[in-house]
Amino acid sequence: MALVLASEYKLRSRGIGEAISGGVDTQILVEIGVYGLVAVYLYRRFGIRSPRRTASIALVLAWIFALYVAMSVMWTPYPQFAVVRAAQLLVTASVCQVVATRATREDLHRLAHAFVGLVVVSVGIGVAMPLQRTPNTQDRFNWLYVHPVTAGIFLGIALLLAVAFLLPGGPPRRWRKGFYLIAVGVTGAALIATGTRGAAAGCVVGLAVLLLCSRGPRGRAEMLLFAIPVGALAVLAFPDEIIAFATRGESAEQLESLNSRTDLWTLALDAAMKQPLFGNGISSARGLFLEEIGLGGGHNAFVNILVEGGVVGVVAFAGLCFAVMVVQLSLTRVKEVRAEAALLLGLMAFLLVDALTAEMMAASANVASIWLFLIIAWTCVIAGKPVGLEKRHGDDRTQVIARG
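Everything in this summary refers to the structure shown in the same document.

Quick notes on the rules
- Residues numbered from 1 in each chain as written.
- Predicted model: local features only at pLDDT ≥ 70, side-chain atom pairs only at ≥ 80, totals over all residues.
- Heavy atoms only, no water.
- Helix = DSSP H or I, 4+ residues; strand = E, 2+ residues; numbered from the N terminus.
- Buried < 20%, exposed > 50% of the residue type's maximum accessible area, 1.4 Å probe, protein only.
- Contact = heavy atoms within 4.5 Å.
- Patch = residues over 30% accessible without salt bridge, like charges linked within 9 Å, V, L, I, M, F, W, Y side chains within 5 Å.
- Areas by Shrake-Rupley, 256 points an atom, 1.4 Å probe, with all protein chains shown as cover.
- Salt bridge = Lys/Arg side-chain N within 4 Å of Asp/Glu carboxyl O.
- Axes fitted to C-alpha atoms, helices over the stretch in contact; angles between N-to-C directions.
- Parallel < 35°, antiparallel > 145°, perpendicular 65-115°, else oblique.
- Left-handed = near helix turned anticlockwise from the far one by under 90°.
- Core = buried A, V, L, I, M, F, W, Y, C linked by side-chain atoms within 4.5 Å.

**Looking at the overall build of the protein chain**
A count of helical and extended segments in the protein chain gives 17 helices and two strands. Looking at the protein chain as a whole, 49% of its 404 residues qualify as buried. In the protein chain, of all internal contacts separated by at least 6 residues, the share reaching a separation of at least 24 is 74%.

What follows is the structure, encoded as structure tokens:
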């Protein structure tokens, strides 16, 4: 939670060019300081003691990806900015390691509820205190100086979490049912108000995956029988609203180029061809595209990692995502953890669909990247011992935690 808040909740707007140039202000110092404090906490709290659970293949692949991206700082054209991002990525991976090898399912349930609560409160802040927006985001909802695209990721994740805890047979609830219904309504309405089409599409896919996988074969059949007529009815009842959301008042030329993304991706392929194997280094995509077209970042996770990490980076990232989703899919066959595995699979589907138009999942120090590592850690936790008892020692007490 500290990493998410420090990375995304800004009290000022800052141009991309200022970040690339290595300029530092109070907000950046606070962000770096929070990451430093998290690193110090991990060391003092857990030291270098052996983990309680062995590392899974997903965790190993997460470290391979993180270490490779961090190593690319040696050949990036923007070393000052890249060093900070590389250090932040390694801190995030360290948190993932600790969660994956020491946390319990109950710990992760508490974290999920805290995140949903944070997002609902943030929506309230956005409604009560709308701050000045850029011309391109004038009609799109957000809070503080969080970009609507980033806000869409927050809202999509929170919506999926709230739905998962609301479903019959889902993870154990910590709130009354009405609170989850309120959270679903608030986050869903705010997501539409952001006008973030990638996050909205990702949320639809994520919800479909969650509902299809959370209740076994019978549940899938019931879901299809319910979802098909409801979806058809929604399309027939609100055609104008759906078209307005999809087009967002843009011209045919803007829609054809996906808001200049296709032009940017053409430049990305040119940049990737110059360094095809190892890429141009971490954070290089922001600077390269800013100089050429005025847009920072690849606006696609796979394009971004191709430019920055080359073929090696794409293989590492794609292999990580594939391995994690295979483990999650296999866990949906285990009744005791099926609902959580379906939630994690839905979250991965959401991030991957959103990643088609936003690069954050393959970057560092942002909510999508942090949640990718958290999803990996959560997957390791439920894959470790789906059923049984685990002894947990800490703070001079022993707790016996029933799992499964």
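**A short note on a nonpolar patch on the surface**
Taken together, Met71, Met74, Trp75, Leu277, Phe278, Val311 and Val315 make up a surface patch of nonpolar side chains, about 680 Å² in accessible area. In this structure, Phe278 sits in the loop between α13 (261-274) and α14 (284-293). The exposure class of Phe278 is partly exposed, given its relative accessible area of 43%.

**Quick look at the packing of helix α6 (residues 105-128) against helix α8 (residues 177-194)**
Following both chains from N to C, one finds α6 and α8 inclined at 55°, their axes separated by 10 Å at the closest point. Judged by the inter-axis angle, α6 sits oblique to α8. In this structure, the crossing between α6 and α8 has a hand that is left-handed. Touching His113, Val116, Val119, Val120 and Val123 of α6 are Tyr180, Ala183, Val186, Thr187 and Ala190, all from α8.

**Description of the nonpolar core**
Ranked by size, the top nonpolar core spans 101 residues in total, and within it Phe115, Trp143, Leu161, Met361 and Trp371 carry the most contacts. Sequence-distant contacts of Trp143, defined by excluding residues within four places in its chain, comprise Tyr9, Ser122, Val123, Gly126, Ala151, Phe154 and Leu155. Listed in part, the seven residues of the second largest apolar core include Trp265, Ala285, Val303 and Val307.

**Observations concerning unusual backbone geometry**
The phi torsion at Leu144 lies on the positive side, around 50°, for a residue other than glycine. One non-glycine residue, Ser283, lies in positive phi territory at about 70°. Tracing the backbone through its elements, the reader meets Ser283 in the loop between α13 and α14. Look at Ser283 and you get buried, because its relative accessible area is 6%.

None of the figures reported here should be taken as evidence of function without further support.
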